[in-house]
Amino acid sequence: MDSKTAVRQQTFRRLIGYMKPFRMAFITAVIGMLGYAAIDTLFISSFQPLVDDGLGEGNSRILIIGAIFVPFMFILRGLFNFISTYFLSYVGFKVVTVMRQQLFEHLMRVPVSYHDKVSTGDMISKITYDTQQLAEASSRAILTLIKEGAFVIGLLALMMYHSWQLSLVFLLIGPVVAKVVTVVSKRFRKVSSRIQTAMGNVTTTAEQMLNGHKVVVMFEGQKKEAERFGDINNVTRQQNMKLVNIRAISTSVIQFIASLSLSLVLIIASFPSMLEQLTPGAFAALVTAMVMLLRPLKQLTNVNADFQRGLSAAESIFAVLDQQKEVDTGKLVIDRARGDLEFKDVTFSYQGSEGPALKQISFRVEAGKTVALVGRSGSGKSTISSLLTRFYDYETGRIELDGHDIRDYTLKSLRRQFAVVSQSVSLFNDTIANNIAYGSAGKVSQERIQEAVRLAYCEEFINNMPQGLNTVVGENGVMLSGGQRQRIAIARALLRDAPVLILDEATSALDTESERHIQKALENLQQNRTSLVIAHRLSTIESADEILVLEQGRILERGDHETLLALDGAYAQLYNMQFGGSDA
């Protein structure tokens, strides 16, 4: 057994495990499928008495019974069809709902580094397209496999009953059909996997265009984006057409093999010895059964394509579910930290980067104090805040909160100690009130939300909105300006009331007047709290207890505002460039 086959078998067993909680519904569906196949077989078997006794012997009573019997059988057939379809669909969608929920929740628990590597569009494709493919393909495959498989067995049994000699001819095609299916299966697997990847690329490209729509329009990139999407879209079409071609060719080949068997049966049946054994009714039932076998054989060939597509989708989903969650070995749980922070010789490199982003960084922030980080883009300022909240784990050194290594705390307990306001504000397609209350422990009263709104100077624009705090802001706050979004993010941080604040360019999107208001709010907020401020605007950090100047992952200078200006070094140069000093 090769490794790919082993993986497929493992995937199948794992998929079956998801069905165990719904086994009774599945068994009911199987009973419905078997009943459906039995009714069809019974209907064909009734040809012999109808032909031999009804027509051959002129027995009108048989024909009358048949007239009553046929509608009754089709009522039963419809009932069995409903039971099998409903309960199998119930199981299929239950499994996919559970799997989709697991996938969604797991993506929130994998490390940030995984999200750095995998595109958002690809992850969305797995949650939507891959899970849907699994539901449709697997349900259709199981339905066909059991229903049509049982029908084939019933027809073969009927044929053997009437003439085992003729039936043996038809059974000879079994190994040939099996060989064709085996060869085709390998192609199905490859193409199905390519379709999963292609659909991920379609979603990714569409998502990039929609997110960057203004940039595309502004820089006249419509043609370029259309061509890019057209290429990817065409690849998807080609892979789907390959799947259609393989399915159509394999079905035609199998039906041709079956037709040769049927021809051979008719030739053998023409021998005088065989004609003596078969009555007209038996021969009619036998030939009808043989002809009817072609349809389920075609369906059973196609089921392989559905089955392989479902397994490919399951493999894609399980590959994500098997991604390791964030490492959370900490045991320490605290309600509220004092806020003492200390970095001790911390070195960190991003995965795949050539050099370290931070090199032997050491500094301390006493509880209630403010430390500002300044430097060029890429100097390591935001990396420090990401390490504090354990979005990434450092390689060497130690980061402490209240004297304990931050890895000693549980992730949940650690992150409760921080409130973050970043340059890139994330808002949800919900009301302003719910966006502000997002992440706050327990139920938040309207009074507390309104107090946070007042302190963050949001009243000015919220009061002008038709529904006030109940106004829905749109996807990522599209209905608000950049400054308004940032003030809502600051109100969210105010409401969280954490002992440590991380302000990552928190005033970058504000105009001068708004910035003045927000600075007052932040000054109030920073009282009796530890603050780590990342800023390009040096005017916002002049009152910081200590300023660290970073360059290429190292601390180049440190001290308060006046001390650093007196050094006339890198900080002084930055300050003079911003404020037009003589050394600019």
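Within an unreviewed UniProt entry, the label attached to the protein chain reads ATP-binding cassette, subfamily B, MsbA, and the organism entered is Aliidiomarina maris. What UniProt records for the protein chain under Subcellular location (unreviewed entry) is the sentence "Cell membrane".

(A) Quick look at the overall build of the protein chain. Per the secondary structure count, the protein chain includes 21 helices and 10 strands. Counting only residues that meet the buried cut, the protein chain has 45% of its 584 residues in that class. Residue pairs at least 24 apart in sequence account for 78% of intrachain contacts in the protein chain once pairs closer than 6 positions are excluded. By element, 57% of the accessible surface of the protein chain is carried by carbon and sulfur atoms, the whole surface being about 30,300 Å².

(B) Quick peek at the environment of Val327. Here Val327 lies in the loop between α12 (280–321) and β1 (341–348). With 217 residues separating them in the primary sequence, Val327 and Val110 have C-alpha atoms 8.9 Å apart. Once you skip the residues sitting within four places of it in the chain, Val327 turns out to touch Arg390 and Leu411.

(C) Region of the structure containing a negative patch on the surface. A surface patch of negative charge is lined by Glu366, Glu542, Asp545, Asp560 and Glu562. Overall, the relative accessible area of 56% leaves Glu562 in the exposed class.

(D) Representation of helix α18 (residues 482–496) within the structure. For α18, built from 15 residues, the straight-helix expectation of 21 Å at 1.5 Å per residue is met to within 8% by its first-to-last C-alpha distance of 21 Å. Turning to α18, its buried residues are Gly483, Gln484, Gln486, Arg487, Ile488, Ala489, Ile490, Ala491, Arg492, Ala493, Leu494 and Leu495. At the exit of α18 stands Asp497, carrying a positive phi of roughly 55°.

(E) The arrangement of empty space enclosed by the protein in detail. Inspection of the entire model under this criterion finds one cavity of 30 Å³ or more. Looking at the largest cavity, its volume works out to about 190 Å³. Leu15, Met19, Ser138, Ser139 and Ile142 are, among the 17 residues lining the largest cavity, the residues nearest its centre. Listed by contribution, the elements that provide at least two residues to the lining of the largest cavity are α1 (3–19), α4 (60–107), α6 (120–162) and α12.

(F) Spatial organisation of the environment of Val478. If you trace the backbone, Val478 turns up in the loop between α17 (459–462) and α18. Taking relative accessible area as the criterion, Val478 reaches 57% and is therefore assigned exposed. A C-alpha to C-alpha distance of 9.7 Å links Val478 and Phe428, two positions 50 residues apart in sequence.

(G) Seen up close, the pattern of salt bridges. Counted under the stated rule, the structure contains 15 salt bridges. When the shortest N-O distance is used, the salt bridge between Arg77 and Asp40 registers 2.5 Å. Here Arg77 is found in helix α4, whereas its partner Asp40 is found in helix α2 (residues 23–45), with 37 residues between them in sequence. Given a relative accessible area of 11%, Asp40 falls into the buried group. The partner of Glu451 in a salt bridge is Arg454, with the nearest N and O atoms 2.6 Å apart.

Thresholds applied
- Sequence order as written defines the numbering, with residues in each chain counted from 1.
- It should be noted that, the model being predicted, local features are given only for residues of pLDDT at least 70 and side-chain atom pairs only at 80 or more, the latter also being counted only at that level, while totals for whole chains, interfaces and linings use all residues.
- Where side-chain values are given, they derive from all heavy atoms of the structure, hydrogens and water being excluded.
- UniProt positions are given in the numbering used here, feature names are shortened, and annotations may be inferred rather than shown by experiment.
- Helix numbering and strand numbering both begin at the N terminus, where a helix is a DSSP run of H or I of at least 4 residues and a strand a DSSP run of E of at least 2.
- Whether a residue is buried, partly exposed or exposed follows from its accessible area with a 1.4 Å probe, protein chains only, as a fraction of its type maximum: under 20%, in between, or over 50%, in that order.
- When checking whether two residues touch, look at their non-hydrogen atoms; a contact exists if any pair is within 4.5 Å.
- Reported accessibility uses the Shrake-Rupley method at a 1.4 Å probe radius. Residues are deemed covered only where the shown protein chains occlude them.
- Patches draw on residues past 30% relative accessible area with no salt bridge. Two like charges within 9 Å are joined, as are two nonpolar side chains (Val, Leu, Ile, Met, Phe, Trp, Tyr) within 5 Å.
- Any Lys or Arg side-chain nitrogen found within 4 Å of a carboxyl oxygen on Asp or Glu counts as a salt bridge.
- Positive charge is attributed to Lys and Arg, negative charge to Asp and Glu, and no charge count is given to His or to the chain ends.
- Charge coordinates come from a single atom per side chain, which is NZ of Lys, CZ of Arg, CG of Asp or CD of Glu.
- In a helix, the anticipated span is given by 1.5 Å times the number of residues less one.
- Only protein atoms enter the calculation, which uses a 1 Å grid: trapped sets of points that fit a 1.4 Å probe without letting it out are cavities, open sets showing protein on both sides within 12 Å along at least five of seven lines are pockets, and any residue with an atom within 4 Å of a point is a lining residue.
- Grid points are joined across faces, edges and corners, and a volume is the space filled by probe spheres set on the points.

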